[in-house]
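Summary of the model geometry
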Amino acid sequence: LSCDLAVLAEVPMSPPHPTLADPAIDWHWDGRDSKGLALAGFGTTLSPIITPPESGRYSLAAETPYGFGLLGIWSCPPADKSTTYGHHVVSAIATRADWLADTPSIVAGDFNLAPNGIEDSKTGVLRDVFARMDALGYVSIYHHEHDEPYGAETNNTYFHYRHADKGFHIDYCFVHRDLLPRVADLRVGLYDEYVRSTDTSKGASDHVPLILDLRRS
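Calculation criteria
- Residues numbered from 1 in each chain as written.
- Predicted model: local features only at pLDDT ≥ 70, side-chain atom pairs only at ≥ 80, totals over all residues.
- Heavy atoms only, no water.
- Pairing = 2+ DSSP bridges.
- Helix = DSSP H or I, 4+ residues; strand = E, 2+ residues; numbered from the N terminus.
- Axes fitted to C-alpha atoms, helices over the stretch in contact; angles between N-to-C directions.
- Contact = heavy atoms within 4.5 Å.
- Core = buried A, V, L, I, M, F, W, Y, C linked by side-chain atoms within 4.5 Å.
- Buried < 20%, exposed > 50% of the residue type's maximum accessible area, 1.4 Å probe, protein only.
- Phe/Tyr/Trp six-rings, centres within 6.5 Å; stacked < 30°, edge-to-face > 60°.

**Observations concerning the sheet that holds strand β7 (residues 105–110)**
With mixed pairing, six strands are arranged side by side in an open sheet as β4-β5-β6-β7-β11-β8. Two strands bound the open sheet, and with one partner strand each, they are β4 (47–49) and β8 (138–140). The average angle at which neighbouring strand axes cross in this sheet is 25 degrees, direction not considered. By the bridge criterion, five bridges tie strand β5 (residues 59–63) to strand β6 (residues 69–74) in an arrangement that is antiparallel. Its bridge partner lying in β6, E63 is registered against G69. Seen against the sheet, helix α4 (residues 125–135) touches β7, β8 and β11 (171–176) and runs at an angle of roughly 20 degrees to β11.

**A few points about the nonpolar core**
Membership of the largest hydrophobic core comes to 27 residues, with the highest contact counts inside it found for L39, I106, I141, C173, V175, V195 and V208. When residues of this core are traced back to their parent elements, those giving at least two are β3 (35–42), β5, β6, β7, α5 (141–146), β11, β12 (183–188) and α6 (191–194). Ranked by residues supplied to this core, first place goes to β12 with three residues. Among residues more than four places away in sequence, those in contact with V175 are S105, I106, G137, Y138, V139, I141, L180, V183 and L212. One finds I93, V107, L113 and F174 within the second-largest nonpolar core, a separate group that totals 22 residues.

**Description of the sheet that holds β3**
One open sheet accounts for three strands, arranged β1-β3-β2; its pairing is antiparallel. The outermost strands of the open sheet, each flanked by one partner alone, are β1 (5–11) and β2 (25–32). Taking the axes of each pair of neighbouring strands and ignoring which way they run, one obtains an average angle of 15 degrees across the sheet. In the sheet, β2 pairs with β3 via eight bridges, with the strands oriented antiparallel.

**Quick notes on the packing of aromatic side chains**
Any two aromatic rings considered together are summarised by their centre-to-centre distance and by the angle between their planes. Per the stated rule, a full pass over the model turns up eight aromatic pairs. For the pair F130 and Y150, a centre-to-centre distance of 5.0 Å together with 85 degrees between the ring planes defines the contact as edge-to-face. Of this pair, F130 sits in helix α4 while Y150 sits in the loop between α5 and β9 (158–159), placing them 20 residues apart in sequence. We note that F130, like Y150, is buried. Ring geometry for F130 and Y172: centres 5.9 Å apart, planes at 90 degrees, overall edge-to-face. With a gap of 42 residues between them, F130 in helix α4 and Y172 in strand β11 connect regions that are remote in the sequence. Across the pair, exposure class does not vary: F130 and Y172 are buried alike. Here the aromatic cluster, defined as three or more aromatic residues joined through ring pairs, consists of F111, F130, Y150, Y172 and F174.

**Description of unusual backbone geometry**
Looking along the chain, the bond that leaves R57 and enters Y58 is cis, with omega of -5 degrees. Residue placement: Y58 occurs in the loop between β4 and β5. For E10, which is not glycine, the phi dihedral falls at a positive 60 degrees. For E10, the location among the structural elements is in strand β1.

This is how it looks when you write it as structure tokens:
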């Protein structure tokens, strides 16, 4: 991706070996066992914010040297299903509401929630997340840049079992309104580039990335 910053879900605790990383990666991770959430700075040093109690599985926040904060979220309820995907997204945001209001930031990650999907249809939790973010001064940059209403997304970010015909929009990037003048581009990765398997290789993921380009100032 040749990026400066990344929010990475379902990744191991250890970053790529230094021989594979150029520039060097500043890697911050939260998770259990073999998978978790990482904030990565490529040739960039991040300043982590202390993770508050009850902030969901999993979330990490940091200050960046680019004049904004970064909050990453990977909603991953425990195996016993005692909590929902929505619970962990709401917890990650609610426990950092003051910081998000005071620090123009980017909030991004795998929420595992689709607009009008199963959980959202039952509880309205994703609509509540959008309302919470709006109240804090944030917009979904995908919906802003593509001029698409909630629930009418034409680009999928996740493909169940990597099937092209089983796509859902479950990954999000919210940007504080103060940062909107710095937005240069927002792209959704292509299925053929990131997901499709070939005779010689397996696709990189069952998700495609949201790629946000910001002007430095």
